[in-house]
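Breakdown of the fold
Below are the chains, spelled out letter by letter.
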Amino acid sequence: MIDVRLLRTDLDAVRTAQARRGKPDVLAQIDAAVALDTKLRDLTAERDALRARVNDLSKQVGGLRKAGKNDEAEAVMNESRALGETERQLQADFDGLQAQLRDVMLRIPNIPHVDAPNGGSDADNPVIKGPVNMPAAFGDHQRVPHWETATVLGILDNERATKIAGAMFTMQRGLGATLARALCQFALDQNADAFEEIRPPSLVTTATLTATGHLPKFADDAFAIERDDLWTIPTAEVPLTSLYAGEVLDEAQLPARLMAYTPCYRREAGSAGRDTRGMLRAHEFDKVEILAIATPEQSPTLLQELVGRAEALIAALELPYRIIEICTGDMGGSHHRSFDLEVYAPGCDAWLEVSSVSWFSDYQARRADIRFKRHGQKGTEIANTLNGSALAVPRVWAAILENHRQPDGSVRIPEVLRPYMRGAASMASK
RNA sequence: GGAACGGUGGCAGAGCGGACAAAUGCACCCGCCUUGAAAGCGGGAGGCUCAAAAGGCCCGGGGGUUCGAAUCCCUCCCGUUCCGCCA
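The shown structure was predicted, so the numbers you read here are calculated from the model rather than taken from an experiment. All chains use their own residue numbering, which begins from 1 and follows the written sequence. A letter from A marks each chain and a number from 1 marks each ligand, given out in the order of writing. Only residues with pLDDT of at least 70 are given local features in this predicted model, and only at 80 or more are side-chain atom pairs given and counted; all residues enter the totals for whole chains, interfaces and linings. Water and hydrogen atoms were dropped before computing side-chain values, which therefore reflect all heavy atoms in the structure.

**Here we look at the sheet that holds strand E4 (residues 224-225)**
Our working definition: At least two DSSP bridges between two strands are required for those strands to pair. Put simply, DSSP H or I for four residues or longer makes a helix, DSSP E for two residues or longer makes a strand, and each gets a number counted from the N terminus.
Taken together, three strands build an open sheet; the order of strands is E3-E5-E4 and the sheet is antiparallel. With one partner strand each, in any of the chains shown, strand E3 (203-204) and E4 form the two edges of the open sheet. As paired strands, E4 and strand E5 (residues 230-232) are joined by two bridges and run antiparallel to one another. Bridge pairing in E5 places Ala224 opposite Trp231.

Dropping the structure here:
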């Protein structure tokens, strides 16, 4: 959520910034929020004055009773009783308005960072680095889609995954499964110097999924376990962001750096029929996420650090990549500023998004109620959150199969992964 | 799933219808004392809302009773222990 106070103090700035997203309905939501907020504040003043009166009368009753003046006490009680009726009515109105305001506020997106590039769609995302590791030319042996190579090598069995779980599920076998696990372990180990490893729940409550901004707007994208009122997580961002929800952290604890490997579940509603082959899109996949909870001042540096860490992993895997910045029209609703890391897959002839690193300013932290206290200062302040995929398995898995495919049809395993694959240097058909 | 007992400030823990934002201890901050520190003594300090003051709200969440609820009632959630089941 953005701070409601911004609507009162900097309405024009909010409008201008939100207009950069190019979503007309957002401006309408802002107007609605302003109207509700104004009414709510008037009502609050009215209700509080009434309450003050009731509180005062109640105290009088206590005093009169003790003094034995029961008749006078009775009169005051009657007056207070009458006011109580009005108070209850005002409170009911208040509750209704507040719920409406919250509902609108939850749907208003974050304010883009001043440096986020303007643009209307992903076509406008500028490439800010790369291509890196791009060979002058790819060999014919690399122009083979990973699903063909994987089938020949017997390391991917999506037909049986479909038999077991339905369309859009994948299943790796043998060294293919080992490779998926190796990528996760590698990503965790590479970031263990600065991040605490967490193994969080992958099923979460509605409140937790709301904190990150996935609800209420994107309910269709998540699997719901209705009987138990739980949701499957689309990313480890969800449980990690809420790890300190409702808590007040000491300034010295920041930045808190957390990382987690989790399975990720996405319904991919609206994507039926797209990327049906191979590993490019699935309902369930593995990912290692790195995340920071920080002060606003620490955030810009952390954002660069997270991008750098994601980049280092891809570079170590000897894959061609580039970094793009997400423009205002393509940015996620919770995002303040974000960058994507794309890997080139010669077999598919496509740039695959393998990592997305974002700064959420205080948008998620306000929803999750994560605050911190500065030394020597009164009060608390909303924290900032940032996160990024250190490594998302499926597309990296696919890119390895395509980039590292050898003329003889085998796939070379990058050096850095071999210790995680029982020393295997390549995957070849039997 | 069943039973019992709990959920109060950063932590521990009292309060169980009327001046309770809430005793006390620990931790914390500021003084005094001291060469410095500890101990001791004195003082301070919760969060949210409001531009601020006033006011209001917050004793797990929600609802109810009452002139008045941390305190009584209902309900949900969470925790601990025991039983059952189980990887």
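**Some details on the layout of surface pockets**
For the record, the criterion: Think of a 1 Å grid over the protein atoms and nothing else: a 1.4 Å probe that fits but is trapped marks a cavity, an open set flanked by protein within 12 Å on at least five of seven lines marks a pocket, and residues with an atom within 4 Å of a point count as lining. Grid points are joined across faces, edges and corners, and a volume is the space filled by probe spheres set on the points. Polar here means any residue outside two lists: the nonpolar Ala, Val, Leu, Ile, Met, Phe, Trp, Tyr, Cys and Pro, and the charged Asp, Glu, Lys and Arg; Gly therefore counts as polar.
Roughly 310 Å³ of volume is contained in the second largest pocket. As for the second largest pocket, its lining consists of 21 residues, of which Asn158, Glu159, Thr276, Arg277 and Gly278 are closest to the centre. Here the lining of the second largest pocket takes three residues from helix H6 (residues 158-165), the largest share from any one element. Looking at the lining of the second largest pocket, its residues break down into seven nonpolar, seven polar and seven charged.

**Description of the sheet that holds strand E6 (residues 248-250)**
On the basis of which strands lie adjacent, the open sheet formed by three strands has the order E6-E12-E13 and mixed pairing. Every interior strand has two partners, whereas the edge strands, E6 and strand E13 (381-382), have only one. Across two bridges, the pairing between strand E12 (residues 371-373) and E13 is antiparallel. The residue of E13 that forms the bridge with Arg371 is Ile382.

**A look at the nonpolar core**
Put simply, the rule reads: For the purposes of this section, nonpolar cores are sets of buried Ala, Val, Leu, Ile, Met, Phe, Trp, Tyr and Cys residues that join through side-chain atoms within 4.5 Å. For the exposure calls, accessible area comes from a 1.4 Å probe over protein chains only, and a residue counts as buried if that area is under 20% of its type's maximum, exposed if over 50%, partly exposed in between. Contacts were defined at the residue level, with two residues in contact if any of their heavy atoms lie within 4.5 Å.
Of all hydrophobic cores here, the largest spans 56 residues; its most connected members are Leu179, Leu183, Val396, Trp397 and Leu417. The element best represented in this core is helix H7 (residues 175-191), accounting for eight residues. Those residues within four positions of Leu179 in sequence are excluded, and the remaining contacts are Trp397, Ile400, Leu401, Leu417, Met421 and Met427.

**Digging into the side chain of Ser202**
Turning to its location among the elements, Ser202 is positioned in the loop between strand E2 (196-198) and E3. When near neighbours in sequence (up to four residues on either side) are disregarded, Ser202 contacts Trp231, Thr232, Ile233 and Pro263.

**A closer look at the protein's contact with RNA strand B**
As a reminder of what qualifies: For this purpose, a residue is taken to be near a molecule or strand whenever a single non-hydrogen atom of the residue falls within 4 Å of it. Polar contact criterion, stated in full: a pair of N or O atoms within 3.5 Å, where within protein one must be able to donate a hydrogen and the other to accept it, and residues adjacent in sequence count only if both atoms are side-chain atoms.
Around RNA strand B, a shell composed of 19 residues is seen, among which Arg8, Asp48, Ser80, Arg81 and Thr380 lie nearest. Residue Arg41 places a side-chain N or O atom 3.2 Å away from a phosphate oxygen belonging to RNA strand B. Taken together, the elements giving at least two residues each to the surface near RNA strand B come down to helix H1 (4-9), helix H3 (24-66), helix H4 (70-107) and E12. It is H3 that contributes the most residues to the surface near RNA strand B, nine residues altogether.

Spatial relationships are all this shows, so hold off on functional conclusions.
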